[in-house]
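The primary structure of each chain is shown beneath.
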Amino acid sequence: MLFADPAHDVLSVSELNRLARQLLEEGVPPAWISGEISNLTLAASGHAYFSLKDASAQLRCVMFRNRVAALGLKLREGLQVELKGQVTLYEARGDFQINVETLRTAGLGRLFEAFERLKARLAAEGLFATERKRPLPAHPRAIGIVTSPAAAALRDVVTTLRRRMPSIPVVLYPAPVQGDGAAARLAEAVAAANRRNEVDVLIVCRGGGSIEDLWAFNEEVLARAVAASRLPVISGVGHETDFTICDFVADQRAPTPTAAAELVSPNREQLLLNTEMGRRRLERAWARLFTDKTQQLDYLARRLVHPREKLQRQTERLHSLEARLKERLTTLLEARRWAVERAAHRLERQRPDVAVRYAALGHAADRMARGVHQLIHRHQGKIERLDATLAALNPEAVLNRGYAIVQKRDGTPVKSPAQLRHGEAVTLRLAEGDAGARIDLAPGQQTELPF
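Position labels on residues start from 1 in each chain and follow its written sequence. Only residues with pLDDT of 70 or above have their local features reported here, since the model is predicted, and side-chain atom pairs are shown and tallied only from 80 upward, although totals for entire chains, interfaces and linings are computed over all residues. For the side-chain quantities, the full set of heavy atoms in the structure was used; hydrogens and water were omitted.

As recorded by an unreviewed UniProt entry, the chain carries the name Exodeoxyribonuclease 7 large subunit and is attributed to Gulbenkiania mobilis. UniProt positions are given in the numbering used here, feature names are shortened, and annotations may be inferred rather than shown by experiment. The Sequence similarities (unreviewed entry) comment attached to the chain in UniProt states, word for word, "Belongs to the XseA family." Heading Catalytic activity (unreviewed entry) of the UniProt record for the chain holds this comment: "Exonucleolytic cleavage in either 5'- to 3'- or 3'- to 5'-direction to yield nucleoside 5'-phosphates."

Put into structure tokens, the structure is as follows:
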């Protein structure tokens, strides 16, 4: 350990400050701290240096440029805040300080928690459901405004309504928009507008401000009054980035009061333009209709004739049709007559003559008999010639002249003495039978057959 032997561990100032910084950063986790800003310095680099104090103590704080830029809150002397940061030590001067990560106005965290709790509870009850939202009337007969008579938002809304549609009456239902009891007064104004039933749509609005300034529009009493309203309600509270419970409960949310006025009122100039365009379309449609009907009338007038003339035309048409029918029948009958005659000629040519066919069949039979007789005669002569040739080539005819054929026991004919062995038994084939013999071969002598 660093201080195990104080006599031998001599630290420099830098080492001691570094050790103290490590102990602080490792031993004290980031925490929320509340107090008042004092000695504020906004450096040219964008960093903010200040002290956070309460009634009996203070500590130095630094907030670097990127975190200041993302803060969305203007720092000032005397501002009560809650900040979260890392406890550390600035080694160069040995100053104990807080590196601030985020910062909010004191009490803001509690407001946010209350906002989220109420929002979740009302959402669970279905007060934010899309299906319960009602459409805003396209052409309201009168428009009601719930806001403070001194609010700048009222002037913006009225100016926009007068510019867009000055003929629509505007009714103000006054109520304070911030401070104690403001939410209850706003809810009473919404209920009064419903009781009086003199407008078709209701605008609940006020200008921008901090969450504390807008808190009246986050209270449950106003949310339930808007949800219970029979009149469609449009919420135009704060700026585009501001959201309140009233926005979620209302039938429609507008990013600003001016936008709410634009959403709820028709545009007079656009209506006049649309009316003019409709009038021109109607004139063109009427002109086309008039032209079409005039042409149709002329066509019908040309078709309108005296009944006698019409009967005469029909009589002439009947006579013409009668003549055409007679001519057509005559042509058709003539064509049928020629067709019948051609069919009769073809039938006559195709009808068989039995006597002629029988005579032709007899002649064909005679020719066939003669041909068969001639064919038999030719083949008989050919057979006789082949028989004579075969007889001449028959080896048995040679045997009849006293010759014999020498064969081995297996029937192989002997053509040369070289095929024989001395004493070998052979068969002699004669003209009138076979006889056996044995070969006697003397060396250097011709073969002699013993008979």
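1. Quick word on the pattern of salt bridges
Opposite charge on two side chains lets them pair, provided their charged atoms get close. What makes a salt bridge here is a side-chain nitrogen of Lys or Arg within 4 Å of a carboxyl oxygen of Asp or Glu, nothing more. Evaluated as defined, the whole model comprises 17 salt bridges. A salt bridge links glutamate 276 to arginine 280; the shortest N-O distance between them is 3.0 Å. Highlighted residues: glutamate 276 and arginine 280, both in helix H9 (residues 268-303), separated by 4 residues, approximately one helical turn. Within the structure, one salt-bridge network assembled from shared partners comprises Arg121, Glu125, Glu220 and Arg224. Runs of E in the DSSP output that reach at least two residues are strands. Runs of H or I that reach at least four are helices, and both are numbered from the N terminus.

2. As for the packing of aromatic side chains
Pairs were defined over the aromatic rings of Phe, Tyr and Trp, the Trp ring being its six-membered one, requiring ring centres within 6.5 Å. Orientation was assigned from the angle between planes: stacked under 30 degrees, edge-to-face over 60, tilted for the rest. Under the defined criterion, the tally for this structure stands at 2 aromatic pairs. Relative to phenylalanine 248, the ring of phenylalanine 128 lies with its centre 5.5 Å away and its plane at 35°, an arrangement referred to as tilted. Pair noted here: phenylalanine 128 is in the loop between helix H3 (108-124) and strand E6 (143-147) and phenylalanine 248 is in helix H7 (residues 245-249), with a separation of 120 residues, a long-range link. Seen in terms of ring centroids, phenylalanine 243 and phenylalanine 248 are 6.2 Å apart; in terms of plane orientation they differ by 20°. Their pairing is stacked. Classification of phenylalanine 243 by relative accessible area gives partly exposed; the value is 44%. Through a chain of ring-to-ring contacts, three or more aromatic side chains come together here, namely Phe128, Phe243 and Phe248. A positively charged side chain is recorded as over a ring if its NZ (Lys) or CZ (Arg) lies within 6 Å of the ring centre. The angle to the ring normal must also be within 35 degrees. When the ring centre of tryptophan 338 is taken as origin, the NZ or CZ atom of arginine 337, which lies over that ring, is 5.2 Å away. The rule is simple: take the accessible area with a 1.4 Å probe, protein chains only, and divide by the maximum for that residue type; under 20% is buried, over 50% is exposed, in between is partly exposed.

3. Some points on the nonpolar core
In globular proteins that are soluble, nonpolar side chains generally tend to be buried together. The term nonpolar core refers to a set of buried residues drawn from Ala, Val, Leu, Ile, Met, Phe, Trp, Tyr and Cys, joined through side-chain atoms within 4.5 Å. Of all hydrophobic cores here, the largest spans 39 residues; its most connected members are Val146, Tyr173, Leu186, Leu202 and Phe217. No other element matches the 7 residues that helix H5 (residues 182-196) contributes to this core. With near-sequence residues (within four places) excluded, leucine 202 lies in contact with Gly144, Ile145, Val146, Tyr173, Val190, Ala193, Pro232, Val233 and Ile234. The next biggest cluster of nonpolar side chains, apart from the first, holds 18 residues, and it includes Leu154, Ile168, Val201 and Ile203. Residue contacts are counted whenever heavy atoms from the two residues lie within 4.5 Å of one another.

4. Structural notes on helix H8 (residues 257-264)
Residues that lie three or four places apart on an α-helix share one face, since the helix turns once every 3.6 residues. Those residues of H8 that sit buried are Pro257, Ala259, Ala260, Ala261 and Val264. Elements in contact with the buried residues of H8: E6, helix H4 (152-164), strand E8 (201-206) and strand E9 (233-237).

5. With respect to the packing of H4 against H8
Axis lines are fitted through C-alpha atoms, for helices just across the contact stretch, and the angle between N-to-C directions can take any value from 0 to 180 degrees. Orientation of H4 relative to H8, taken along the N-to-C sense of each, is 30°, at an axis distance of 8 Å. Classified by the angle their axes make, H4 and H8 are roughly parallel. With respect to the hand of their crossing, H4 and H8 are arranged in right-handed fashion. Each of Ala153, Asp156, Val157, Thr160, Leu161, Arg163 and Arg164 in H4 lies in contact with H8, whose residues at this interface are Pro257, Thr258, Ala261, Glu262 and Val264. The nonpolar class holds Ala, Val, Leu, Ile, Met, Phe, Trp, Tyr, Cys and Pro. Asp, Glu, Lys and Arg form the charged class, and all remaining residues, Gly among them, are polar. Looking at the contact of H4 with H8 residue by residue, the classes come out as 6 nonpolar, 2 polar and 4 charged. Oblique is the label for any angle not under 35 degrees, not over 145, and not in the 65 to 115 range, which are roughly parallel, roughly antiparallel and roughly perpendicular in turn. Crossings are assigned a handedness: left-handed for a near helix turned anticlockwise from the far helix by less than a right angle, right-handed for a clockwise turn.

6. What about the layout of surface pockets?
One number sums up the size of the second largest pocket: a volume of about 320 Å³. If you trace the second largest pocket, you find 17 residues lining it, with Tyr49, Val62, Tyr90, Arg93 and Gln97 closest to the centre. Elements supplying a minimum of two residues to the lining of the second largest pocket: strand E1 (31-42), strand E2 (48-53), strand E3 (58-63), strand E4 (80-90) and strand E5 (95-105). For each structure, a 1 Å grid was placed over the protein atoms alone; sets of points admitting a 1.4 Å probe that cannot get out are labelled cavities, open sets with protein on both sides within 12 Å along at least five of seven lines are labelled pockets, and lining residues have an atom within 4 Å of a point. Grid points are joined across faces, edges and corners, and a volume is the space filled by probe spheres set on the points.

7. Concerning the state of the cysteines
In what follows, a disulfide is any cysteine sulfur pair within 2.5 Å. Enumeration over the complete set of coordinates arrives at 0 disulfides. Here cysteine 246 stays free of any disulfide, with the sulfur of cysteine 205 as its closest cysteine sulfur at 10.0 Å.

8. Points about a nonpolar patch on the surface
On the surface, Trp286, Leu289 and Phe290 cluster together into a nonpolar patch covering about 380 Å² of accessible area. Its place among the elements puts phenylalanine 290 in helix H9. Residue phenylalanine 290 is classed as exposed on the basis of its relative accessible area, which comes to 54%. Patch construction takes residues with relative accessible area above 30% that form no salt bridge. Like charges are linked within 9 Å, and nonpolar side chains (Val, Leu, Ile, Met, Phe, Trp, Tyr) are linked within 5 Å. In these tables, accessible area is a Shrake-Rupley quantity obtained with a 1.4 Å probe, and a residue counts as shielded only by the protein chains included in the view.

9. What to know about the side chain of asparagine 218
Note on placement: asparagine 218 falls in the loop between E8 and helix H6 (220-228). Among the polar contacts made by the side chain of asparagine 218, one reaches the main-chain amide nitrogen of isoleucine 245 at a distance of 2.9 Å. If near-sequence neighbours (up to four positions away) are discounted, asparagine 218 is found in contact with Phe115, Leu118, Phe243, Thr244 and Ile245. Between N or O atoms, a polar contact is any pair within 3.5 Å; within protein, one atom must be a potential hydrogen donor and the other a potential acceptor, and residues adjacent in sequence are included only when both atoms are from side chains.

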